[in-house]
Amino acid sequence: MALFGIADCNNFYVSCERSFQPRLEGRPVVVLSNNDGCAIARSSEAKALGVSMGAPWFKIRHLTETEGLVAVSSNYALYGDLSMRVMSILADQVPATEVYSIDECFLDLDNLAVPDLTEWLRGLRSRVRQWTGIPISIGVGPTKTLAKIANHLAKTSPKAGGVLDLSRRADWREIALKRTPVSDVWGIGWQWTGLCVMNGIRTAWDLHQADDGWVRAKMGTVGMRTVMELRGVAVHGLEAEAADRQSCCVSRSFGEATAEYGHVRDALVEYAAAAAGKLRRDGLLAGIVQVFAMTDRFRRDLPQYSGSASVTLSSPSASSREIIAAALKGLDRLWKEKFAYRKAGVILLDLVRPENVPRDLFSPPPEKPDSLMSALDRIESRFGRGGVRFGLARPDAPWRMRQAMRSPCWTTRWEDVPTARLE
DNA sequence: TCTGGGGTCCTAGGACCC
DNA sequence: TCTGGGGTCCTAGGACCC
């Protein structure tokens, strides 16, 4: 029988901020999305105040006065760096890992010869805590979906000590499934939750007993896989080899909506350059550049428009120049005057490795490494992002996002590295 | 006044081919 | 004009994840 673990960082973004700002310990804290728009991470104290995931900042702002709520703008450089540190500790200790997201990692526990798995995992947990300051919880089960449920319970039940193994006892599994609302099952979102509840399926246990024909008809093969996993049949394996991504998107909401072509163009130039840079870092080329721009969907009182256009490159490329040119061609195709644009983005599709670019008689010779691009990337890695830029967009352009409360990049910018003082 | 960003996979329908 | 089956590729949309 396969044995999966999942290690999940508790309130990850908040924990990252706390590991450098101990004053945040014990207080209700939220991390805000780009533009300081809504809460995307909450400490347990903030959750206890009733702050929900995605709560708009303007609706919870009053809690700063009444409850001592602290808000920080998101700082992805910090979170990405701490994530890497946590992941490498985990990878060091178990036979194989699959980094599933910035704060989650599946563990292959199949051939781990330890006398007491739960105790051993508690040790791993405190090591991560000690070396990074990040608290994690670990769930274990015969499938990924059951491991996720175990993790959830490990996090919420004080007795578990941060670790719960559901692989050994069927009776524990039954209790766990009965205690888990169907909405908490991995793979069941709000739409399917509604569907399930309407049909009397309220817990993970109910779903695991649901009729196959019904599940297939209503939730397709994807839903059926989830049900199989709840029954202990491992449908999803551990994917230790990270597959190449299939798309790459850079998009932002603007700090302020704008109807000016020049603003949207400047933003798209930056997004296209950023997307191309990501691609080069991953060693990939894009075949298609898609751009989109849209109005503010929350402003029902204003005319709405959402346009997109895709431009096929003559041959796959990761050159900022070519990708920017294609994005601007796309912008001209989708552009409509007199709309207040609130968000725009660039999506790169049909990604391939250079060695896999399909060729035929008429294709141009393979792209030579673009020396301008590699020079640019070197400058950027040495002097920081934004050192060299395409276009001349003003740093204070109105479309730029608001980030009033961002913490310093403690671990990734020399200027921001904290200094220790001996007193 | 103020509501994020970046992904994956599956399905249905249409165009087109043999 | 009518008649059939089967395949591929593409796109748009919808579900999910973090």
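Residues numbered from 1 in each chain as written. Chains lettered and ligands numbered in written order. Predicted model: local features only at pLDDT ≥ 70, side-chain atom pairs only at ≥ 80, totals over all residues. Heavy atoms only, no water.

*Asks:* Looking at this structure, I do not really get the overall build of chain A. What am I missing?
*Replies:* For chain A, the count of helices and strands is 14 helices and twelve strands. By the compact-globule yardstick of 22 Å for 423 residues, chain A fits well, its C-alpha radius of gyration being 24 Å. For the C-alpha atoms alone, the extent of chain A along its principal axes is close to 65 × 60 × 50 Å. Within chain A, the proportion of its 423 residues that are buried is 45%. (Helix = DSSP H or I, 4+ residues; strand = E, 2+ residues; numbered from the N terminus. Rg over C-alpha atoms; globule rule 2.2 N^0.38 Å. Buried < 20%, exposed > 50% of the residue type's maximum accessible area, 1.4 Å probe, protein only.)

*Asks:* So what exactly am I meant to see when it comes to the protein's contact with DNA strand C here?
*Replies:* The environment of DNA strand C is made up of 13 residues, and the closest members are Asp-103, Glu-104, Lys-148, Gly-187 and Trp-192. Backbone atoms, meaning sugar plus phosphate, form 100% of the atoms of DNA strand C positioned within 4 Å of the protein. Within the backbone of Ile-188, an N or O atom sits 3.2 Å from a phosphate oxygen of DNA strand C. For the surface near DNA strand C, the elements supplying multiple residues, two or more each, are strand S5 (96–101) and helix H9 (190–198). A per-element tally of the surface near DNA strand C places H9 first, with three residues. A class-by-class count of the residues in the surface near DNA strand C yields six nonpolar, four polar and three charged. (Near = heavy atom within 4 Å. Polar contact = N/O pair within 3.5 Å; in protein donor to acceptor, adjacent residues only side chain to side chain. Nonpolar A, V, L, I, M, F, W, Y, C, P; charged D, E, K, R; others polar.)

*Asks:* I'm lost on the protein's contact with DNA strand B in this one. Help?
*Replies:* The immediate surroundings of DNA strand B are formed by 23 residues, with Arg-245, Cys-249, Ser-251, Ser-253 and Arg-342 found nearest. Take the atoms of DNA strand B that sit within 4 Å of the protein: sugar and phosphate atoms are 76% of them. Between DNA strand B and Ser-251, the relevant distance is 2.5 Å, taken from a phosphate oxygen to a main-chain nitrogen or oxygen of the residue. The contact in question runs from a phosphate oxygen of DNA strand B to an N or O atom on the side chain of Arg-342, over 2.2 Å. Among the elements of the structure, helix H11 (212–230), strand S9 (248–258) and strand S12 (341–349) are those that each provide at least two residues to the surface near DNA strand B. The greatest single-element share of the surface near DNA strand B, amounting to six residues, is contributed by S9. A breakdown of the residues in the surface near DNA strand B according to their chemical character gives seven nonpolar, eight polar and eight charged.

*Asks:* I keep staring at the side chain of Asn-75 and nothing clicks. Help me out?
*Replies:* Turning to its location among the elements, Asn-75 is positioned in the loop between strand S4 (70–73) and helix H5 (76–93). Judged by its relative accessible area of 2%, Asn-75 falls in the buried class. With sequence-adjacent residues up to four places away left out, Asn-75 is seen in contact with Glu-17, Arg-406, Ser-407, Pro-408 and Cys-409. (Contact = heavy atoms within 4.5 Å.)

*Asks:* I keep staring at the packing of H5 against helix H6 (residues 117–132) and nothing clicks. Help me out?
*Replies:* Helix packing geometry: the angle between the two helix axes and the distance between the axes. Contact geometry of H5 with H6 gives a least axis separation of 10 Å together with a crossing angle of 145 degrees. Helix-helix and strand crossings are classified by hand; for H5 and H6 the assignment is right-handed. Residues Arg-85, Val-86, Ile-89, Leu-90 and Gln-93 of H5 pack against Trp-120, Leu-124, Arg-127, Val-128, Trp-131 and Thr-132 of H6. Its residues placed into classes, the contact of H5 with H6 shows seven nonpolar, two polar and two charged. (Axes fitted to C-alpha atoms, helices over the stretch in contact; angles between N-to-C directions. Left-handed = near helix turned anticlockwise from the far one by under 90°.)

*Asks:* Hey, could you run me through the sheet that holds S12 in this one?
*Replies:* Sheet strands pair via backbone hydrogen bonds, and the direction of the pair is either parallel or antiparallel. One open sheet accounts for four strands, arranged S9-S12-S10-S11; its pairing is antiparallel. Because the sheet does not close on itself, it has two edges, and the strands there are S9 and strand S11 (306–317). Sheet twist, expressed as the average angle between the axes of neighbouring strands with direction ignored, equals 15 degrees. By the bridge criterion, eight bridges tie strand S10 (residues 286–295) to S11 in an arrangement that is antiparallel. Considered in S11, the bridge of Val-289 is made with Val-311. Strands S9, S10, S11 and S12 of the sheet are contacted by helix H12 (residues 261–282), whose axis makes an angle of about 155 degrees with S9. The strands touched by helix H13 (residues 320–334) are S10, S11 and S12; relative to S11, the strand with the most contacts, the crossing angle is about 150 degrees. (Pairing = 2+ DSSP bridges.)

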